[in-house]
Amino acid sequence: MSSADTQASRSGALREADEAEPIKAIKLRHPWRVVFAVVLILLLVWFVVDALQRPAYGWPYVIKYVFDRRISAAALVTLEITVLSMVIAIILGLLLAVMRLSPNPVVKYIAWLYLWVFRGTPVYVQLVFWGLFSLIYKDLFVGVPFTHLGVDLDLGFMTNTFIIAVVGLSLNEAAYMAEIVRAGLLSVDRGQEEAATALGMGWGQTMGRIVVPQAMRVIIPPTGNEVISMLKTTSLVAAIPLTTDLYGVSRDISAVTFTPIPLLIVASIWYLAFTSILMVGQFYLEKRFSRGVGDRRPPEGPKQPGTITETVRVMRNKEGDQA
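Residues numbered from 1 in each chain as written. Predicted model: local features only at pLDDT ≥ 70, side-chain atom pairs only at ≥ 80, totals over all residues. Heavy atoms only, no water.

Here's the deal with the packing of aromatic side chains
Inspection of every chain in the model, using the stated rule, returns eight aromatic pairs. Between F129 and F133, the ring centres sit 6.1 Å apart and the planes meet at 70 degrees, which makes this aromatic pair edge-to-face. Arranged with centres 5.3 Å apart and planes meeting at 45 degrees, the rings of W130 and F133 form a pair that is tilted. On the accessibility criterion, W130 (14% relative accessible area) is buried. (Phe/Tyr/Trp six-rings, centres within 6.5 Å; stacked < 30°, edge-to-face > 60°. Buried < 20%, exposed > 50% of the residue type's maximum accessible area, 1.4 Å probe, protein only.)

A closer look at the nonpolar core
Core analysis: the biggest nonpolar cluster contains 39 residues, and L96, Y114 and L169 have the highest contact counts within it. Elements with a minimum of two residues in this core: α4 (69-100), α5 (105-120), α6 (123-131), α8 (161-186) and α10 (203-233). Of the residues forming this core, the biggest block, 11 residues, is contributed by α8. Counting 17 residues, the second-largest nonpolar core is a separate cluster that includes V62, Y65, A74 and L246. (Core = buried A, V, L, I, M, F, W, Y, C linked by side-chain atoms within 4.5 Å. Helix = DSSP H or I, 4+ residues; strand = E, 2+ residues; numbered from the N terminus.)

A few points about the layout of surface pockets
The space that makes up the largest pocket amounts to roughly 550 Å³. Lining the largest pocket are 26 residues, and of these I90, M216, I219, I220 and T223 lie nearest its centre. Elements supplying a minimum of two residues to the lining of the largest pocket: α4, α8, α10 and α12 (260-289). Counting residues per element, the lining of the largest pocket draws most heavily on α10, which supplies 10 residues. Looking at the second largest pocket, its volume works out to about 380 Å³. (1 Å grid on protein atoms, 1.4 Å probe; cavity = no way out; pocket = protein on both sides within 12 Å on 5 of 7 lines; lining within 4 Å. Points joined across faces, edges and corners; volume = space filled by probe spheres on them.)

Digging into the environment of M230
Relative to the elements of secondary structure, M230 occurs in helix α10. Relative accessible area serves as the criterion here: at 2%, M230 is assigned to the buried category. Separated by 144 residues in the primary sequence, M230 and M86 have C-alpha atoms spaced 7.6 Å apart. The contacts of M230, once residues within four sequence positions are left out, are T82, S85, M86, L169 and E173. (Contact = heavy atoms within 4.5 Å.)

Remarks on α4
Between its terminal C-alpha atoms α4 stretches 46 Å, which fits the 46 Å expected from 32 residues at 1.5 Å a residue. Its side-chain oxygen at 2.9 Å from the backbone nitrogen of R70, D68 defines the N-terminal cap of α4. (Expected span 1.5 Å × (residues − 1). Polar contact = N/O pair within 3.5 Å; in protein donor to acceptor, adjacent residues only side chain to side chain.)

Some thoughts on the pattern of salt bridges
Tallying each qualifying case throughout the model produces five salt bridges. Across the salt bridge formed by R54 and D50, the nearest N and O atoms sit 2.6 Å from each other. Classification of R54 as partly exposed rests on a relative accessible area of 44%. Residue R190 pairs with E193 through a salt bridge whose shortest N-O separation is 3.2 Å. Placement of both R190 and E193 in helix α9 (residues 190-198) is noted, with a separation of three residues, approximately one turn of the helix. Residue E193 is classed as partly exposed on the basis of its relative accessible area of 21%. (Salt bridge = Lys/Arg side-chain N within 4 Å of Asp/Glu carboxyl O.)

What about the confidence of the model for the chain?
Confidence along the chain averages 83 in pLDDT terms, with 82% of residues attaining 70 or more. Taking the mean pLDDT of every element in the chain, the minimum, 48, falls on helix α13 (residues 308-322) and the maximum, 94, on α4. Scored below 50 in pLDDT, residues 295-312 shows 10 contacts in the model against residues more than four places distant or in partner chains. (pLDDT = per-residue confidence, 0-100.)

Here is the structure:
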């Protein structure tokens, strides 16, 4: 067969492909998904209706105490502990993350030792220890060992249960935040820092304008989870003991009224309300720092790359170039 016949056959095939009907995509159906969703909804409705009919839940007590002044004040204390503990933990975690990434082996292993201790022991045990700290150390000498050169620090403030709760929770959370921040900093390509250095930017400008904004996309999601976890971990401050938090007050009220289940529901409602607000804030923070990093999809239209029409057009262009 001559080259002219081959060229004519190719042109005929391309003409037929161009005149062919477009492919009609048929959306897959998943009937079992609908069945599964309906079953779950029915089970949820059944549980709610059954729970409303059971006197053990004590719904009148739930309605009575959900907006009680003692409960709302305790919820505020829980929120204060959460915010203060997370702020301190984030600052200390950032410092520990920088220490972990330091080329100095002494600084690096000091940070590693901190993480090993605070991540390797239960937070409840740590809170118990900090509750007994004022009994172990009445004061603390800071200075040259085996000499009188130094300063005696009065640790009387460690008898305040609120301060003990913030110190204990923040020191524990800092170990986890250090790893989150370190993972975020390591997620930024090394070339970004090299490019910023080549442009004459200093270390502070590089971290503030280049590295940290990109690392925030990795840092924010787990940090939001840690904030929510911290909110619920405040219920463990009973180990100090601190009884002015949300769980402590609801437990004390239930001990007087002999209604433990309704008061647990009241505390859960407040925890869920705070968690929902934190989740909304986390969503908008993630959206703010993820701008320009979403899926980059090609524009829709008949000339979208990858369609049959576009493939035929590319083949024709190649043949024209060869001719």
